[in-house]
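This is what each chain is made of:
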Amino acid sequence: MTISSTTRTAGPFTGNGVAYLFPFAFKVFQVADLYVASVLIATGVESTLELGPDYTVALNANQDSNPGGTVILTAGPLAAAYRLVITSDVLNLQPTEYLNQGGFYPEVLTASLDRATILIQQLQALLNLALQFPSADP
């Protein structure tokens, strides 16, 4: 399957004191590939949430045909004073090993290319937040 969306962020979701389930619709390889943060609206201070103590993740069964899943806050609903942001945090690694004279498995190659595309998208998201100058500016 291809990566058909450039969106690597879900939210920001504004707390309402009721919702504790927050969906995202981008492909990840494992639950640890997510970065989840809460932001105190009044100050803009961001806090990174920890997988396990702060939230759990229910991934959709097939990340190729139905990417994404749901972040579930373990402490309950997100308070109205906060926003929640979910984005990907795939490690900059290439874990697939291709062996000489081995079998050819297209799904393995596709997963490697998906990972490379996701890494590029993560870098682009960071670049979009950076101060930029025109190309001709010395």
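Relevant structure appears above.
Each value, and the rule that gives it
Residues numbered from 1 in each chain as written. Predicted model: local features only at pLDDT ≥ 70, side-chain atom pairs only at ≥ 80, totals over all residues. Heavy atoms only, no water. 1 Å grid on protein atoms, 1.4 Å probe; cavity = no way out; pocket = protein on both sides within 12 Å on 5 of 7 lines; lining within 4 Å. Points joined across faces, edges and corners; volume = space filled by probe spheres on them. Helix = DSSP H or I, 4+ residues; strand = E, 2+ residues; numbered from the N terminus. Nonpolar A, V, L, I, M, F, W, Y, C, P; charged D, E, K, R; others polar. Pairing = 2+ DSSP bridges. Axes fitted to C-alpha atoms, helices over the stretch in contact; angles between N-to-C directions. Salt bridge = Lys/Arg side-chain N within 4 Å of Asp/Glu carboxyl O. Buried < 20%, exposed > 50% of the residue type's maximum accessible area, 1.4 Å probe, protein only.

Visitor: Outline the layout of surface pockets, supporting the account with residue identities and numerical values.
Guide: Any empty space left between atoms is shown by rolling a water-sized probe over those atoms. Its boundaries defined by the atoms lining it, the largest pocket holds a volume of some 280 Å³. In this structure, the largest pocket is lined by Thr9, Tyr35, Thr87, Ser88, Asp89, Gln122, Ala125, Leu126 and Leu129. Listing elements by their share of the lining of the largest pocket, those giving two or more residues are β7 (82–88) and α1 (106–129). With four residues, the single largest contributor to the lining of the largest pocket is α1. Grouping the constituent residues of the lining of the largest pocket by class yields four nonpolar, four polar and one charged. Volume-wise, the second largest pocket comes out at about 190 Å³. Every residue along the wall of the second largest pocket is listed here: Glu97, Tyr98, Leu99, Gly102, Gly103, Phe104, Tyr105, Val108 and Leu109.

Visitor: Let's hear about the sheet that holds strand β2 (residues 21–24): which residues, and what values?
Guide: By definition, the strands of a sheet pair up through backbone hydrogen bonds, in either a parallel or an antiparallel sense. With antiparallel pairing, the three strands of this open sheet are ordered in space as β2-β6-β5. The open sheet has two edge strands, β2 and β5 (55–59), and neither has a second partner. Across the sheet, the axes of successive neighbouring strands diverge by a mean angle of 25°, strand direction being ignored. Sheet topology places β2 next to strand β6 (residues 69–73); four bridges connect them, and they run antiparallel. Bridge pairing in β6 links Phe24 to Gly69.

Visitor: Just give me the short version of the pattern of salt bridges, but keep the residues and values in it.
Guide: Tallied over the full model, the rule gives two salt bridges. Between Lys27 and Asp64 there is a salt bridge, with its nearest N and O atoms 2.6 Å apart. A residue pair is termed long-range when its members are at least 10 positions apart, and Lys27 in the loop between β2 and β3 (34–40) and Asp64 in the loop between β5 and β6 qualify at 37 residues. On the basis of relative accessible area, Asp64 is assigned to the partly exposed category, the value being 34%. Note that Asp114 and Lys27 form a salt bridge whose closest N and O atoms lie 2.6 Å from each other. Here Lys27 lies in the loop between β2 and β3 and Asp114 lies in helix α1, a separation of 87 residues in the sequence. For the pair formed by Asp114 and Lys27, the shared burial category is buried. What emerges from the salt-bridge pattern is a single network uniting Lys27, Asp64 and Asp114.

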